[in-house]
Amino acid sequence: MTKPLIQDFHSIPAGRKHYRSARRPGRRVPYLAMATVCSVLALGGCASTGSGTATPNATTTKAGAESQAPAQTRQSDGELREAALKALKTNDYVTAATCWSFLHDRHKDNAEIAVQYSSALRHIGSYDQAATVMQRIQLLHKNNPAVLGEYGKVLVASGRVDQGVSMLKAAFGQSPKDWRLPSAIGVAYDQMGRYGEARGEYEKALALAPGEPSVLTNMGLSYALEGDLDKAEDVLRKAVANPNAGASARQNLAVVLGLQGHFEEARRLARADLPPNIAENNISYLKSMLSQPALWEKMKTLDGNGGAPQASAGSPSS
């Protein structure tokens with residue numbers, strides 16, 4: 001799996017200057033440590049491919065689409081749309097991107113298709129390609145909130161966070177009842193380390209969609225990234241208690257519990273959605289982090305260097 005723990009966006013980069021003391025009972029985990037766990041374990045998130053294959057970049061996606069072209073080009077618009085939506089139900093964003101790409105080629109100016117295509121590209125990490133799609137369609141549909149919202153998410157995911165926030169706020173101005181937009185703004189603020197503002201946005205989203213588990217998940221992870229694991233656990237438990245909660249809420253709670261040393265409950269939650277060997281590897285990785293005090297100090301020196309400790313050979317690949 002390659003998606004981040006926070007809903008709808010890719011990994012929050014390590015290396016910000018928000019450190020806490022090493023996590024032990026009653027103490028806080030460093031920001032960089034939590035960000036590293038998010039990017040290496042990637043337990044939660046919503047973009048694992050249904051086939052279980054590695055997530056490709058834009059080049060491999062394009063090559064895959066070309067190899068399927070003879071069959072795909074014979075499909076009607078309805079068949080392509082049905083196949084894309086079916087793929088989304090299993091988080092198979094590679095197949096979805098391929099189907100939407102053919103539809104986009106046929107209907108270049110269609111805003112809904114462009115948004116769907118960009119979203120699938122964003123979920124597999126093809127940010128530049130997604131940005132190209134949205135830049136063009138936004139010129140044609142300047143005040144379309146779905147276009148503005150997706151473009152904002154692409155900009156945030158590709159590191160242009162300030163621009164993305166502006167776009168998301170513009171979208172929210174056009175569609176003030178869409179709870180997904182303040183939630184996305186909150187994610188962007190979390191990327192900037194502006195945790196209080198992020199949680200203010202999550203509160204706006206929850207006012208529009210009370211108890212929404214994806215928003216609660218984002219809020220819980222905001223607390224975790226800031227270093228308050230106790231509060232993160234409380235909020236994530238609320239998310240998990242919602243019958244509509246998905247795997248990401250459970251797996252994010254498993255990470256937070258593991259970082260607090262509650263390995264048995266973390267293992268149970270991890271196994272609810274992951275193959276046993278992957279779940280065990282994740283728990284082992286968390287244990288190894290917590291059992292190496294020197295690692296916490298070493299992690300502090302990585303600020304600004306773009307590096308982060310890597311998982312051992314037995315850990316899940318990112």
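Keep in mind that this is a model prediction, so the values were computed, not measured. (Residues numbered from 1 in each chain as written. Predicted model: local features only at pLDDT ≥ 70, side-chain atom pairs only at ≥ 80, totals over all residues. Heavy atoms only, no water.)

## What to know about the confidence of the model for the protein
- Residues at a pLDDT of 70 or more form 69% of the protein, whose mean pLDDT is 77.
- Put simply, helix 17 (residues 293-300) is where the protein has its lowest mean pLDDT, 47, and helix 11 (residues 195-208) is where it has its highest, 97.
- Below a pLDDT of 50 lies the segment residues 1-27, which in the model reaches 115 contacts outside its immediate sequence neighbourhood of four places, other chains included.
- This model gives residues 295-318 a pLDDT under 50, and the stretch forms 48 contacts once residues within four places in sequence are excluded. (pLDDT = per-residue confidence, 0-100. Helix = DSSP H or I, 4+ residues; strand = E, 2+ residues; numbered from the N terminus. Contact = heavy atoms within 4.5 Å.)

## Quick look at the packing of helix 9 (residues 161-174) against helix 10 (residues 180-191)
- Helix 10 packs onto helix 9 with a crossing angle of 165° between their chain directions and a minimal axis gap of 9 Å. One finds that helix 9 runs roughly antiparallel with respect to helix 10. In this structure, helix 9 crosses over helix 10, and the sense of that crossing is left-handed. Residues Val161, Val165, Leu168, Lys169, Ala171 and Phe172 of helix 9 pack against Leu181, Pro182, Ala184, Ile185, Ala188, Tyr189 and Gln191 of helix 10.
- Among the residues forming the contact of helix 9 with helix 10, the class breakdown is 11 nonpolar, one polar and one charged. (Axes fitted to C-alpha atoms, helices over the stretch in contact; angles between N-to-C directions. Parallel < 35°, antiparallel > 145°, perpendicular 65-115°, else oblique. Left-handed = near helix turned anticlockwise from the far one by under 90°. Nonpolar A, V, L, I, M, F, W, Y, C, P; charged D, E, K, R; others polar.)

## Thoughts on helix 7 (residues 127-140)
- Here helix 7 contains 14 residues, and its C-alpha end-to-end distance of 20 Å stays within 8% of the 20 Å for a straight helix at 1.5 Å per residue.
- Buried residues of helix 7: Tyr127, Ala130, Ala131, Val133, Met134, Ile137 and Gln138, and no others. Down the axis of helix 7, the sector holding all buried residues measures 165°, keeping them to one side. Of the exposed residues in helix 7, the ones pointing more than 90 degrees away from its buried face are Asp128, Thr132 and Leu139.
- The inward-facing, buried residues of helix 7 abut helix 5 (93-106), helix 6 (111-123) and helix 8 (145-157). (Expected span 1.5 Å × (residues − 1). Buried < 20%, exposed > 50% of the residue type's maximum accessible area, 1.4 Å probe, protein only. Arc of directions from axis to C-beta.)

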